[in-house]
Amino acid sequence: MKIQLMSDLHLDSYKPDALDHFLKKVRFHKNAEAVVIAGDLSNGNRVIEMLDRILGVIPKGMAKLYVLGNHDNWNHDPTAEIESINVDMFQFMNRKKISLNGKRIVGCTGWFNVNRSIYAQTRDFEMIPGGIDRVENLRKLDVEFLNSALEKTADLVVTHHTPCERSLHNSYWSYREFYNGKFDSLMPQARNWVHGHCHDAVKYKHNGCRVISNPLGYYGQREITDIIKPLTLEI
């Protein structure tokens, strides 16, 4: 099964016409059976607009899997609105397990562990409604979900946050507590793990699990044309 990957589009950080440009240029692999968007389309108050339009250009017959990123929660919680989206083959992977073409897929945001002693180093607690208490609860729910879901091996796990620190390039190291989900012990139960959050593309193997990402990032970090090139994963 071939899956096309993208994450961290952050289209609200580009020029006003960035979404239109992306939609005109993006191409989908002719043999891909699903598209995974591993979070951070934009800040929360524009997520529904962007998700709706992106889903509209994905070819019919291709499954569409989406997990929320941290920025998708900034200023506004879009969870209920996303859950109400009625688009063919759309799966909101919000602590969800599915079977797709015979493959077992597990997904959630995979929130970082909250360290209250260094909370001032991230804006998430300031920008996300409910602040640090809500993030701490979301982390608890995600950990419980993944521990339960991965009692049985998954062909693919999709999170926004990274499963382990190997995904963190040097520029993220000082802030690693807010990027690393610390799911190393669960990785032997996943054959493949797709994530976002860090804006450096990665591809490696850890604890028997293949890890891969295809982020765009903020304006100036990568050319918007980079992610238009379809990166796929065979599972």
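No experiment lies behind these values; they were computed from the predicted model shown.

### Describing the overall build of the protein chain
Scanning the protein chain for helices and strands turns up five helices and eleven strands. A compact globule built from 235 residues would reach a C-alpha radius of gyration of about 18 Å, and the protein chain, at 16 Å, matches this within 12%. In terms of its C-alpha atoms, the protein chain occupies a principal-axis envelope of roughly 45 × 40 × 35 Å. In the protein chain, buried positions account for 54% of the 235 residues.

### Quick word on the side chain of His 206
Inspection of the secondary structure assignment puts His 206 in strand 9 (residues 203–206). Beyond its immediate chain neighbours, meaning those up to four positions away, His 206 contacts Cys 164, Arg 166, Asp 184 and Met 187.

### Overview of helix 1 (residues 18–25)
If you check which residues of helix 1 are buried, you get Ala 18, Leu 19, Phe 22 and Leu 23. For helix 1, the angular spread of the buried residues around the axis is 130°, confining them to a single face. Among the structural elements, strand 1 (2–6) and helix 2 (47–57) are those in contact with the buried residues of helix 1.

### What to know about the packing of helix 1 against helix 2
When two helices pack together, you describe them by how their axes are tilted relative to each other and by the distance separating the axes. Between helix 1 and helix 2, the shortest axis-to-axis distance is 10 Å and the interhelical angle comes to 15°. With respect to each other, helix 1 and helix 2 are oriented roughly parallel. For the pair helix 1 and helix 2, the crossing hand works out as right-handed. Seen from helix 1, the contacting residues are Leu 19, Asp 20, Phe 22 and Leu 23; seen from helix 2, they are Glu 49, Met 50, Arg 53, Ile 54 and Val 57.

### Points about the sheet that holds strand 6 (residues 103–107)
The mixed open sheet is built from six strands, whose spatial order is 5-6-7-8-10-9. Pairing within the sheet leaves two strands with one partner each, and these edge strands are strand 5 (96–100) and strand 9. This sheet shows a mean twist of 20° between the axes of neighbouring strands, independent of strand direction. Bridge analysis of strand 9 against strand 10 (residues 209–212) gives four bridges, and the strand direction is antiparallel.

### What to know about helix 5 (residues 131–149)
The first and last C-alpha atoms of helix 5 sit 27 Å apart over 19 residues, in line with the 27 Å expected at 1.5 Å per residue. Those residues of helix 5 that sit buried are Gly 131, Ile 132, Val 135, Leu 138, Arg 139, Asp 142, Phe 145, Leu 146 and Ala 149. One side of helix 5 holds all its buried residues, which, seen down the axis, span an arc of 150°. Lining the buried residues of helix 5 we find strand 5, strand 6, helix 4 (124–127) and strand 7 (156–158).

### What to know about the nonpolar core
In summary, soluble globular proteins display a tendency toward joint burial of nonpolar side chains. Ile 54 and Tyr 66 are the most contacted members of the largest nonpolar core, which totals 27 residues. Those elements giving two or more residues to this core turn out to be helix 1, strand 2 (34–37), helix 2 and strand 4 (90–92). Among the elements that take part in this core, helix 2 stands out by supplying five residues, more than any other. Those residues within four positions of Tyr 66 in sequence are excluded, and the remaining contacts are Ile 37, Gly 39, Leu 41, Val 47, Leu 51, Asp 72, Ile 82, Phe 90, Gln 91, Phe 92 and Met 93. Listed in part, the 19 residues of the second largest apolar core include Ile 3, Ala 34, Val 36 and Leu 65.

### Some thoughts on unusual backbone geometry
For Asp 40, which is not a glycine, the phi torsion comes out positive at approximately 65°. Along the polypeptide, Asp 40 turns up in the loop between strand 2 and helix 2. Phi at Lys 182 is positive, roughly 60°, even though this residue is not glycine. If you trace the backbone, Lys 182 turns up in the loop between strand 7 and strand 8 (192–194). Lys 182 sits in the partly exposed class, given a relative accessible area of 39%.

### With respect to the sheet that holds strand 4
Taken in spatial order, the five strands of this open sheet run 4-3-2-1-11, and their pairing is mixed. Only two strands of the sheet have a single partner each, and these edge strands are strand 4 and strand 11 (231–234). Going across the sheet, the axis of each strand differs from the next one's by a mean of 25°, ignoring polarity. In terms of strand pairing, strand 3 (residues 63–66) meets strand 4 through three bridges, oriented parallel. Bridge pairing links Lys 64 to Phe 90 in strand 4.

Criteria and thresholds
- Residues numbered from 1 in each chain as written.
- Predicted model: local features only at pLDDT ≥ 70, side-chain atom pairs only at ≥ 80, totals over all residues.
- Heavy atoms only, no water.
- Helix = DSSP H or I, 4+ residues; strand = E, 2+ residues; numbered from the N terminus.
- Rg over C-alpha atoms; globule rule 2.2 N^0.38 Å.
- Buried < 20%, exposed > 50% of the residue type's maximum accessible area, 1.4 Å probe, protein only.
- Contact = heavy atoms within 4.5 Å.
- Arc of directions from axis to C-beta.
- Axes fitted to C-alpha atoms, helices over the stretch in contact; angles between N-to-C directions.
- Parallel < 35°, antiparallel > 145°, perpendicular 65-115°, else oblique.
- Left-handed = near helix turned anticlockwise from the far one by under 90°.
- Pairing = 2+ DSSP bridges.
- Expected span 1.5 Å × (residues − 1).
- Core = buried A, V, L, I, M, F, W, Y, C linked by side-chain atoms within 4.5 Å.

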